Amino acid sequence: MSKSLDTAKLEREVKSMYRDVAESADGEFHFETGRDLAERLGYDPDDLTYVPEAAIDSFAGVGYYFDLAELQPRSSVLDLGSGSGMDAFVAGLHVTETGTVTGVDMTTEQVEKARDLAANNGFHNVSFRKGYIEELPFEDDSFDAVISNGVINLSAEKDRVFEEANRVLKPGGRLALADIISEQQMPESIKNDADLWAACIGGAEQVDSYTSLVETAGFELEEVRENTQYHFTSDRAANACQKYGVKSISLCARKP
């Protein structure tokens with residue numbers, strides 16, 4: 001984390017941006033949202049048939065990883081930074097009514113929207129809690145899988161996020177995620193820009209540093225792949241991507 005990043009301001013910026021995503025999915029953002037994005041990234045249109053439309057509209061993920069997650073019926077799944085619930089609902093389909101999915105998000109509007117969508121669309125096995133992914137409100141060894149999409153880059157304490165994910169996973173549990181990384185070290189001017197952090201760029205960790213954080217937290221890395229179908233939309237974001245190799249990856253790791 002950059003020493004001069006104002007983390008309180010960062011949290012306000014992130015909450016503000018994702019409040020807007022929850023409330024007006026067709027707004028202008030640094031990134032894409034919605035069904036076209038989801039299908040291009042690899043989401044199964046058959047799965048999306050069962051996901052509430054409003055959750056798909058607010059989808060702001062950066063990659064697809066459900067093939068890596070290998071979610072099974074009866075599994076318990078935790079979604080870090082669950083937003084309006086798109087990935088949690090997809091996970092709910094994969095674990096069936098015999099499994100459970102819990103989403104955690106720090107943005108009140110996202111949690112409330114996701115809860116309403118779950119209640120109104122019969123997702124009795126999917127629930128949402130307000131909380132911070134750096135300080136998860138769950139017991140050790142609680143989940144079979146932890147998933148996340150485009151969120152961990154937003155955290156100023158990524159090491160804590162991976163440590164917490166490892167803590168709440170059962171032995172043998174899987175971590176499967178998509179996130180934004182960079183190929184080169186970015187300058188302080190970008191790393192200290194709360195708006196670019198909220199846009200998923202300022203907080204992008206160099207890929208070797210990112211995977212090192214995963215392994216240091218106690219995971220065994222199984223696969224890392226690039227999501228070539230993901231692109232930022234604003235000029236400012238696209239320029240940073242071009243210059244510093246900012247891109248999307250999907251990753252799978254296992255807790256021994």
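Scroll up for the structure.
Residues numbered from 1 in each chain as written. Predicted model: local features only at pLDDT ≥ 70, side-chain atom pairs only at ≥ 80, totals over all residues. Heavy atoms only, no water.

### Re the overall build of the chain
Going by this rule: Numbered from the N terminus, helices here are DSSP runs of H or I no shorter than four residues, and strands are runs of E no shorter than two. Any residue under 20% of the maximum accessible area for its type is buried, any over 50% is exposed, and the rest in between are partly exposed; the area is computed with a 1.4 Å probe on protein chains only. Here, residues are in contact when the closest pair of their heavy atoms is within 4.5 Å. Surface accessibility follows the Shrake-Rupley procedure with a 1.4 Å probe radius. Residue values consider only the protein chains on display as shielding.
In terms of regular secondary structure, the chain is built from 12 helices and eight strands. Expressed as a percentage of its 256 residues, the buried residues of the chain come to 57%. Expressed as a percentage of contacts within the chain between residues at least 6 apart in sequence, the contacts between residues at least 24 apart total 77%. As displayed, the chain offers around 10700 Å² of accessible surface, 43% of which is attributable to carbon and sulfur atoms.

### Some remarks on the packing of aromatic side chains
Just so we agree on the cut-off: When the centres of two rings from Phe, Tyr and Trp lie within 6.5 Å, Trp using its six-membered ring, the rings pair. Their planes under 30 degrees apart give stacked, over 60 give edge-to-face, and anything left gives tilted.
Tallying each qualifying case throughout the model produces nine aromatic pairs. Pairing Y43 with F59 gives two aromatic rings, centres 5.2 Å apart and planes at 70°, and the pair type is edge-to-face. Remark: F59 occurs in the loop between α4 (53-57) and α5 (66-69) and Y43 occurs in the loop between α2 (35-41) and α3 (45-50); sequence separation between them is 16 residues. Relative accessible area serves as the criterion here: at 4%, F59 is assigned to the buried category. Taken together through their ring pairs, the aromatic side chains of Y43, F59, Y64, Y65 and F66 make up a single cluster.

### Focus: the pattern of salt bridges
As a reminder, the rule being used: Take a side-chain nitrogen of Lys or Arg and a carboxyl oxygen of Asp or Glu: if they are within 4 Å of each other, that pair is a salt bridge.
Evaluated as defined, the whole model comprises 13 salt bridges. Notably, a salt bridge pairs R174 with E222, separated by 3.4 Å at the nearest N-O pair. One end of the pair, R174, is in strand β5 (residues 169-182); the other, E222, is in strand β7 (residues 220-226), and 48 residues separate them in sequence. By relative accessible area, R174 is classed as buried at 11%. One connected set of salt bridges, linked through shared partners, spans E70, R174, E222 and R254.

### Here's the deal with helix α11 (residues 207-216)
The following threshold applies: The directions from the helix axis to the C-beta atoms are what the arc is built from.
Among all positions in α11, only Y210, T211 and V214 are buried. Angular distribution of buried residues about the axis of α11 spans 90°; they occupy a single face of the element. Turned more than 90 degrees off the buried face of α11, the exposed positions are D208 and T216.

### A look at the environment of G42
Mapped onto the elements, G42 comes out in the loop between α2 and α3. Here G42 falls in the partly exposed class, since its relative accessible area comes to 35%.

### Quick look at the environment of D87
Checked against the element boundaries, D87 lands in helix α6 (residues 86-95). Here the alpha-carbon distance between D87 and Y64, two residues 23 residues apart in the chain, equals 9.6 Å. With residues up to four places along the chain from it excluded, the contact list for D87 reads Y43, F59, Y65, F66, D79, I147 and N149.

### A few points about the nonpolar core
Heads up, the rule is: For the purposes of this section, nonpolar cores are sets of buried Ala, Val, Leu, Ile, Met, Phe, Trp, Tyr and Cys residues that join through side-chain atoms within 4.5 Å.
Ranked by internal contacts, the top residues of the largest apolar core, which has 49 residues, are Y43, Y65, F66, F89, I201 and V246. When residues in this core are grouped by element, the largest group, six residues, is from α6. With residues up to four places along the chain from it excluded, the contact list for I201 reads N153, M186, I190, L196, F232, A237, A240 and V246. Ranked by size, the runner-up nonpolar core spans 25 residues in total, among them L78, A165, L175 and F219.

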